[in-house]
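As a plain string of letters, each chain reads:
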Amino acid sequence: MRIFIIILLINIIFNSAKAQTLTSEAKPKSSNEKESTEPTFKNQGEQEDYWGEQLFKTQYKRQEFLRFKGQITPSKDAYNYDGAVLNLSYIEPELKIIFEKGIFYPQLLVEKTFNESEPKIKIRIIKSEPRIEPQSDSVKSSQIAPLYNLTRIDSLTISNFEELKFLSQSPRQKRFRFRLWRKGLPFETVYFIELTNESATSQTDITTFIKDSSLTFLKEGWVIL
């Protein structure tokens with residue numbers, strides 16, 4: 001029942017009435033169903049890499065996002081964007097410049113949620129240890145708390161931020177994957193972004209690349225429970 005409620009909330013907030021759900025466990029198939037076209041995976045990492053590759057093949061459309069124009073206040077492993085706090089965990093130091101320069105910032109998630117109209121990728125559910133933050137009695141008793149937590153940007157946490165070099169098709173583009181956790185929710189969402197630097201070459205170091213890059217793709221992938 002909890003999984004159903006979570007999926008329903010995600011469908012509402014992302015305006016995706018046709019979103020489908022899949023689990024990482026194989027389901028029994030009837031004689032009329034076609035066999036899955038997905039290959040056999042040795043581990044979850046291979047499976048997620050495959051899903052990411054399919055996302056870019058089927059959902060990629062170049063976008064243009066402006067850098068954050070407000071005040072960015074850094075602190076230890078966190079950045080405050082005019083009241084929207086983004087916490088970082090498990091990220092290489094040279095990649096933090098993406099957040100220091102306002103290339104990616106929390107407000108983008110709200111803008112994309114309510115302004116995006118293209119079809120969404122199917123939502124995959126990956127079962128893992130739930131991440132639950134203690135809540136006050138007032139929040140627990142509120143029926144709108146889960147929906148509120150899906151849209152809040154006052155305290156977000158990004159973890160496992162990594163470059164997907166196998167998805168980069170040009171020295172001018174770099175693609176990344178990360179997990180986003182919203183305070184008050186027991187699941188994480190996997191996101192993908194692309195940075196583009198039109199003047200970059202194969203010799204451009206990562207710091208220089210990021211400083212002169214722009215965000216050209218942002219997409220949610222699947223949910224990890």
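Now for a description of the structure that goes with this document. (Residues numbered from 1 in each chain as written. Predicted model: local features only at pLDDT ≥ 70, side-chain atom pairs only at ≥ 80, totals over all residues. Heavy atoms only, no water.)

## Describing the overall build of the protein
Convention followed: Helix and strand assignments follow DSSP, with helices taken as H or I runs no shorter than four residues and strands as E runs no shorter than two, numbered in order from the N terminus. Throughout, a residue-residue contact means that at least one pair of heavy atoms, one from each residue, lies within 4.5 Å. Using the Shrake-Rupley algorithm and a 1.4 Å probe, accessible areas are obtained, with residue cover drawn only from the displayed protein chains.
For the protein, the count of helices and strands is seven helices and nine strands. In the protein, of all internal contacts separated by at least 6 residues, the share reaching a separation of at least 24 is 68%. Of the accessible surface of the protein, which amounts to about 12800 Å², a share of 51% is contributed by carbon and sulfur atoms.

## Focus: the nonpolar core
Rules: Grouping buried Ala, Val, Leu, Ile, Met, Phe, Trp, Tyr and Cys residues that are joined through side-chain atoms within 4.5 Å yields what is termed a nonpolar core. The buried label applies to any residue whose accessible area, calculated with a 1.4 Å probe on protein chains only, is under 20% of its type's maximum; exposed applies above 50%, and partly exposed to all values in between.
In this structure, Phe99, Phe104, Ile158, Phe161, Ile193 and Leu195 are the most contacted members of the largest nonpolar core, which totals 31 residues. Formed by 11 residues, the second largest nonpolar core is a distinct cluster that contains Tyr50, Leu164, Val190 and Trp222.

## Concerning helix H2 (residues 44-59)
Test applied: A helix's residues, less one, multiplied by 1.5 Å, set its expected span. Pairs of N or O atoms are called polar contacts if they sit within 3.5 Å, as long as, within protein, a hydrogen donor faces a hydrogen acceptor (for residues adjacent in sequence, only side-chain-to-side-chain pairs).
Here H2 spans 22 Å end to end across 16 residues, near enough to the 22 Å set by a 1.5 Å rise per residue. Of all the residues in H2, the buried ones are Gln47, Glu48, Tyr50, Trp51, Gly52, Leu55, Phe56 and Gln59. For H2, the N-terminal cap is asparagine 43; the gap from its side-chain oxygen to the backbone nitrogen of glycine 45 is 3.1 Å.

## What about the environment of aspartate 82?
Within the secondary structure, aspartate 82 sits in the loop between strand S3 (78-81) and strand S4 (84-89). You can call aspartate 82 exposed: its relative accessible area is 52%. In this structure, the C-alpha to C-alpha distance between aspartate 82 and glycine 70, residues 12 residues apart in sequence, is 6.4 Å. Discounting residues that sit within four places of it in the chain, aspartate 82 has contacts with Phe68, Gly70 and Gln71. From its side chain, aspartate 82 meets the backbone nitrogen of glutamine 71 in a polar contact 3.2 Å long.

## Structural notes on the pairing of strand S9 (residues 214-224)
Note the threshold: A pair of strands counts as paired when DSSP detects no fewer than two bridges linking them.
Among the 11 residues of S9, 10 are classified as buried, and the element is accordingly described as predominantly covered. Judged from the eight bridges that link them, strand S8 (residues 188-196) and S9 form a sheet pairing that is antiparallel. Note on S9: the bridge partner recorded for glutamate 194 is phenylalanine 217.

## What to know about the pairing of S4
Of the two faces of S4, the one lined by Ala84, Leu86 and Leu88 is fully buried and the one lined by Val85, Asn87 and Ser89 carries no buried residue. As paired strands, S3 and S4 are joined by four bridges and run antiparallel to one another. Note on S4: the bridge partner recorded for alanine 78 is asparagine 87. Linking S3 back to S4 in an antiparallel pair, the connection comprises two residues, with aspartate 82 at a positive phi of about 50°.

## Looking at the environment of phenylalanine 41
Mapped onto the elements of the fold, phenylalanine 41 is located in the loop between strand S1 (21-23) and H2. Overall, the relative accessible area of 21% leaves phenylalanine 41 in the partly exposed class. Phenylalanine 41 has contacts with Glu46, Gln47 and Tyr50, leaving out every residue within four places of it along the chain.

## Some details on the packing of aromatic side chains
The condition is simple: Any Phe, Tyr or Trp ring, taking Trp's six-membered ring, that has another such ring centre within 6.5 Å forms a pair; planes under 30 degrees apart are called stacked, those over 60 apart edge-to-face, and the others tilted. Charge-over-ring placement is defined geometrically: NZ (Lys) or CZ (Arg) within 6 Å of the ring centre, and within 35 degrees of the ring normal.
On inspection of all chains with the given rule, the structure shows 16 aromatic pairs. Between the aromatic rings of tyrosine 81 and tyrosine 105, the centroid separation amounts to 6.5 Å while the plane-to-plane angle is 40°, which identifies the pairing as tilted. Taken together, the residues span a long stretch of sequence, with tyrosine 81 in strand S3 and tyrosine 105 in the loop between helix H3 (97-100) and helix H4 (107-115) at a distance of 24 residues. Of note, lysine 174 hangs over the ring of phenylalanine 209, and the distance from its end group to the ring centre comes to 5.1 Å. The ring of tyrosine 60 has arginine 175 sitting right over it, with the charged end atom 4.9 Å from the ring centre.

## Section: the pattern of salt bridges
Our working definition: Any carboxyl oxygen of Asp or Glu that lies within 4 Å of a side-chain nitrogen of Lys or Arg is treated as forming a salt bridge with it.
Counted by the stated rule, this structure contains 10 salt bridges. Ionic pairing is found between arginine 179 and glutamate 48, a salt bridge with its closest N-O pair at 3.7 Å. Of the two residues, arginine 179 sits in strand S7 (residues 173-182) while glutamate 48 sits in helix H2, which places them 131 residues apart along the sequence. A salt bridge links arginine 172 to glutamate 198, with the shortest nitrogen-to-oxygen separation between them at 3.7 Å. Highlighted residues: arginine 172 in the loop between strand S6 (155-163) and S7 and glutamate 198 in the loop between S8 and helix H7 (206-211), separated in sequence by 26 residues. Connected via shared salt-bridge partners are Arg62, Glu64, Arg172 and Glu198.

By themselves, these are just geometric observations and shouldn't be taken as functional.
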